[in-house]
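# A structural walkthrough
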Amino acid sequence: MPNETLRYYATDKEIFDVLASSRQRVSETALLDMARSRGIFYSPRDSRDTLASNISLLPHDHDSLKEILGKSENPNRAEKVTSITLNAKISPETIKAVVKSFSENAPSDEKVVAQSESPDKYRVQVKYTELDYAKTRLLQRRNREADIRFIIEDNKTTIRLPANPKAREIAALLKSGLDASQKTEIPAETIDISDLSTDERTLFFTNLISTMDGYELRDVMNVKVQIGSASKSPPLEDEEKNGEEQEDAAITQTMLSVVEDVALHGKALLVSAEYQLLKDKGFFITSITWKAQQTKSPFNIVEYDAGFEEPEEGRGFRYNVRGLYRNRDGEFTKTMQALSAAHKEEIFPIIERTALRVLEALRKKADIPQQGGEQQ
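Conventions adopted
- Residues numbered from 1 in each chain as written.
- Predicted model: local features only at pLDDT ≥ 70, side-chain atom pairs only at ≥ 80, totals over all residues.
- Heavy atoms only, no water.
- Salt bridge = Lys/Arg side-chain N within 4 Å of Asp/Glu carboxyl O.
- Helix = DSSP H or I, 4+ residues; strand = E, 2+ residues; numbered from the N terminus.
- Buried < 20%, exposed > 50% of the residue type's maximum accessible area, 1.4 Å probe, protein only.
- Expected span 1.5 Å × (residues − 1).
- Polar contact = N/O pair within 3.5 Å; in protein donor to acceptor, adjacent residues only side chain to side chain.
- Phe/Tyr/Trp six-rings, centres within 6.5 Å; stacked < 30°, edge-to-face > 60°.
- Lys NZ or Arg CZ within 6 Å of the ring centre and 35° of its normal.

Looking now at the pattern of salt bridges. Side-chain pairs of opposite charge can arise where the charged atoms are in close proximity. In this structure the tally under the stated criterion is 20 salt bridges. Close ionic contact of D33 with R36 constitutes a salt bridge, the shortest N to O distance being 2.5 Å. In this pair, D33 and R36 both sit in helix α2 (residues 28–36), 3 residues apart, roughly one turn of the helix. On the accessibility criterion, D33 (38% relative accessible area) is partly exposed. Between R149 and E117 there is a salt bridge, with its nearest N and O atoms 3.0 Å apart. Separated by 32 residues along the polypeptide, R149 in strand β4 (residues 141–152) and E117 in strand β2 (residues 111–118) bring together distant segments of the chain. By relative accessible area, E117 is classed as partly exposed at 37%. Taken together, the shared-partner salt bridges in this structure form one network comprising E117, R123, D147, R149, R160, E345 and E352.

Spanning 18 residues, helix α7 (residues 165–182) covers 26 Å between terminal C-alpha atoms, matching the ideal 26 Å at 1.5 Å per step. Listing the buried residues of α7 in full gives A167, I170, A171, L174, K175, L178 and D179. With a side-chain oxygen lying 3.1 Å from the backbone nitrogen of K166, the N-terminal cap of α7 falls on N164. Two residues or fewer past α7, K183 is found with a positive phi of approximately 60 degrees.

Another aspect to go through is the packing of aromatic side chains. Taken as a whole and assessed by the stated rule, the structure comprises 9 aromatic pairs. Here F204 and F308 contribute two aromatic rings whose centre-to-centre distance is 5.9 Å and whose plane-to-plane angle is 50 degrees, an arrangement assigned as tilted. Of the two residues, F204 sits in helix α8 (residues 198–210) while F308 sits in strand β10 (residues 301–310), which places them 104 residues apart along the sequence. The class for F308 is buried, based on a relative accessible area of 5%. Here the aromatic rings of Y215 and Y304 are separated by 5.8 Å at their centres, their planes lie at 85 degrees, and the arrangement is edge-to-face. Remark: Y304 occurs in strand β10 and Y215 occurs in strand β7 (residues 215–227); sequence separation between them is 89 residues. A single burial state applies to Y215 and to Y304, both of which are buried. Aromatic ring contacts, followed pair by pair, group F204, F205, F308, F317, Y319 and F348 into a single cluster. Across the ring face of Y128, the terminal group of K166 is positioned such that the distance to the ring centre comes to 5.7 Å.

Residue position: T206 is located in helix α8. A polar side-chain atom of T206 sits 3.2 Å from the main-chain carbonyl oxygen of L203.

Rendered as structure tokens:
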């Protein structure tokens with residue numbers, strides 16, 4: 001591992017940059033509390049920049065710098081996940097051997113921890129450091145962890161991993177090791193809609209959210225749409241329209257011809273006039289956030305989101321379970337509650353199975369069995 005103490009050599013300017021840039025997480029109140037813990041009382045009327053400047057000039061040791069960096073981190077950072085389906089049953093022993101070889105050849109700044117959670121589940125945790133030169137120097141280097149899971153089933157093995165480049169790189173190396181152990185390239189399937197038309201891409205999302213086993217669609221709150229390449233040129237105007245209608249249509253079409261992606265926020269978005277207008281003009285869904293209610297006890301409402309890392313290409317499917325609203329005798333909690341990692345691991349397979357089923361049906365032009373209900 002690299003020398004971590006090098007990270008904590010900081011000038012007052014670098015400390016100021018951290019405090020000033022983390023506006024949402026390091027509020028004025030937090031800055032006043034930080035000074036008060038040292039027996040220093042600043043005026044609550046002081047500006048944020050003044051408070052940050054004054055605190056940055058104080059002596060800071062290893063622990064105080066670590067505290068500042070901890071405050072600047074987002075505690076609710078929920079990274080989306082993705083999955084790779086291997087069309088073969090891989091034994092835990094084979095996975096263990098491949099992971100061991102990977103660990104022995106891992107770079108010095110990576111730490112690999114692996115464990116068997118059950119006869120059909122194997123977990124690999126890779127701790128590494130991430131550099132982001134777009135951030136101020138003290139925030140450029142952060143400790144990260146790639147939590148990769150192997151789920152073994154009768155005729156397939158699912159690799160579930162964080163949807164980021166580093167985790168994908170690690171998964172690719174592990175996949176190569178598995179191929180070598182089997183002396184053949186194991187067929188792998190990812191959720192990729194690059195071959196679908198714009199209408200089919202929208203159908204992928206609408207069918208995904210409405211046909212999840214054990215859930216009934218309740219609402220759609222956020223939708224991101226993007227214009228299809230074939231729809232970027234404005235069509236000819238209808239000569240039968242009167243002058244005012246032609247002018248309105250021209251303004252709308254001019255606006256849509258220069259806008260390539262749009263984000264909508266609200267309720268019941270898929271039936272909203274705004275979304276229908278965009279859909280008619282050739283926009284297709286690239287990301288969606290929705291709520292669905294369990295069809296069996298305890299009948300909680302769960303909030304999800306799903307989308308593509310490369311929206312125009314339709315590649316890099318990623319998803320997450322944002323939280324749930326608990327059912328309390330027919331009334332739901334007003335605030336969304338976070339889910340444990342174990343609870344999420346129970347729900348992720350439902351999203352994966354539904355997405356693969358929908359994608360297969362769209363490619364076969366087949367009807368998709370409706371598991372859920374209509375949006376309300």
